[in-house]
Amino acid sequence: MKRSLLLFLFLLVQILSIHAQNVTGVLGAFPPELVLLQSKMEDKKDTIIQQIRFTKGKLNGRQIVLAQTGIGKVNAAITTTIMIEHFKPTEIIFSGIAGGIDPTLNPGDIVIGTHVTYHDYGMAEDSGMQYWSTKNPATMLENPRSFICDSSLVQKALAVSKGLSFSKIKRGNGSFEPAVKKGIIVTGDVFVSSEIITRRLRKELNAAATEMEGAAIAQTCYQQNTPFLIIRSLSDNANDKAQNDIMTFYDIAAHNAATLVMALVGKM
């Protein structure tokens, strides 16, 4: 009888442990990138860890833990590390805005990341930039120069996007449904507002979009064996109009990215 009870308790602990890990991590850098997701969450419970607020609850039928990283690579890596350590998500999805590099894309359009890489890690020379791979500090082995987003998450996001109704983007020549495209996202601790730099990033890295957190999240997830996906909606085209365009398209870009993320987690 006692052995049967112990076996039952052991199995129960194992089941509860598996269930407890069945949670998706969702990150965003700014409050507007998370406001829609937060408003749709149910049964919310906040936990403060190292001054960072993590909100656990249910979104579109899926258990998630949501957090704001803050701007930049270091902030993103810190928040991602704490999330993985304390909540052990089965995957992490980032929702936010970006500058467009692909000339076929416009503000409001959405890029589902296939690869994420740094554009400011390496050696800067007069002739240009030599891009280096980061290293895992535990093993001192080189990481891949481009971190590959989880292919199943990419495919799910593309499939889900086809049935969604996004907010239309108003431009000088009318209102448009946002395009959804997969592509390479590049990361650096700079806000890009330069035609010269966008052309370089397109030529050298085949970038579709540029932002300030994705590769740090990707590297952290890669080193901690956690699947990830970066989803970005364009707030500007990373050119000399970027500072003005971001004020116009920021909210709608953040909303469209969050709309796709919310639909995606519902399919997890």
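Everything that follows concerns the structure shown earlier in this document.
Just so we're clear, the structure is a prediction, and the values are computed from it rather than from any experiment.

Draft legend 1. Spatial organisation of the pattern of salt bridges. Taken as a whole and assessed by the stated rule, the structure comprises 9 salt bridges. Between Arg62 and Glu91 there is a salt bridge; the shortest N-O distance is 3.0 Å. A residue pair is termed long-range when its members are at least 10 positions apart, and Arg62 in strand 4 (residues 62-68) and Glu91 in strand 5 (residues 91-100) qualify at 29 residues. One salt bridge in this structure joins Asp102 and Arg202, with 3.8 Å as the shortest N-O distance. In this pair, Asp102 sits in the loop between strand 5 and strand 6 (110-118) while Arg202 sits in helix 5 (residues 195-205), placing the two residues 100 residues apart along the sequence. Connected through shared salt-bridge partners, Lys73, Asp120 and Asp189 make up one network.

Draft legend 2. Region of the structure containing helix 2 (residues 31-40). For helix 2, every residue scored as buried is listed here: Glu33, Leu34, Leu36 and Leu37. Buried residues of helix 2, seen end-on, are gathered within an arc of 145° and therefore sit on one face of the element. Looking at the buried side of helix 2, the elements it contacts are strand 1 (24-28), strand 3 (52-59), strand 4, strand 5, strand 14 (228-236) and helix 7 (242-265).

Draft legend 3. Fine view of the packing of helix 3 (residues 73-87) against helix 6 (residues 214-223). Following both chains from N to C, one finds helix 3 and helix 6 inclined at 35°, their axes separated by 8 Å at the closest point. For the pair helix 3 and helix 6, the crossing hand works out as right-handed. In contact with Lys73, Ala76, Ala77, Thr80, Thr81 and Ile84 of helix 3, helix 6 contributes Ala216, Ile217, Thr220 and Cys221. Residue classes in the contact of helix 3 with helix 6 are distributed as 6 nonpolar, 3 polar and 1 charged.

Draft legend 4. Structural view of the packing of helix 4 (residues 151-161) against helix 7. Contact geometry for helix 4 and helix 7: axes closest at 9 Å, N-to-C directions at 110°. Accordingly, the angle class assigned to the pair helix 4 and helix 7 is roughly perpendicular. Handedness of the helix 4/helix 7 crossing: right-handed. Contact residues: helix 4 offers Leu153, Lys156, Ala157, Val160 and Ser161, while helix 7 offers Leu260, Ala263 and Leu264. For the contact of helix 4 with helix 7, the residue count by class is 6 nonpolar, 1 polar and 1 charged.

Draft legend 5. Geometry of empty space enclosed by the protein. Taken as a whole, this structure holds 1 cavity of 30 Å³ or more when the rule is applied. The space that makes up the largest cavity amounts to roughly 40 Å³. Contributing to the lining of the largest cavity are Thr117, Tyr118, Tyr121, Tyr131, Trp132, Ser133, Thr134, Pro144 and Arg145. Split by residue class, the lining of the largest cavity holds 5 nonpolar, 3 polar and 1 charged.

What counts, and at which threshold
- Residues numbered from 1 in each chain as written.
- Predicted model: local features only at pLDDT ≥ 70, side-chain atom pairs only at ≥ 80, totals over all residues.
- Heavy atoms only, no water.
- Salt bridge = Lys/Arg side-chain N within 4 Å of Asp/Glu carboxyl O.
- Helix = DSSP H or I, 4+ residues; strand = E, 2+ residues; numbered from the N terminus.
- Buried < 20%, exposed > 50% of the residue type's maximum accessible area, 1.4 Å probe, protein only.
- Arc of directions from axis to C-beta.
- Contact = heavy atoms within 4.5 Å.
- Axes fitted to C-alpha atoms, helices over the stretch in contact; angles between N-to-C directions.
- Left-handed = near helix turned anticlockwise from the far one by under 90°.
- Nonpolar A, V, L, I, M, F, W, Y, C, P; charged D, E, K, R; others polar.
- Parallel < 35°, antiparallel > 145°, perpendicular 65-115°, else oblique.
- 1 Å grid on protein atoms, 1.4 Å probe; cavity = no way out; pocket = protein on both sides within 12 Å on 5 of 7 lines; lining within 4 Å.
- Points joined across faces, edges and corners; volume = space filled by probe spheres on them.

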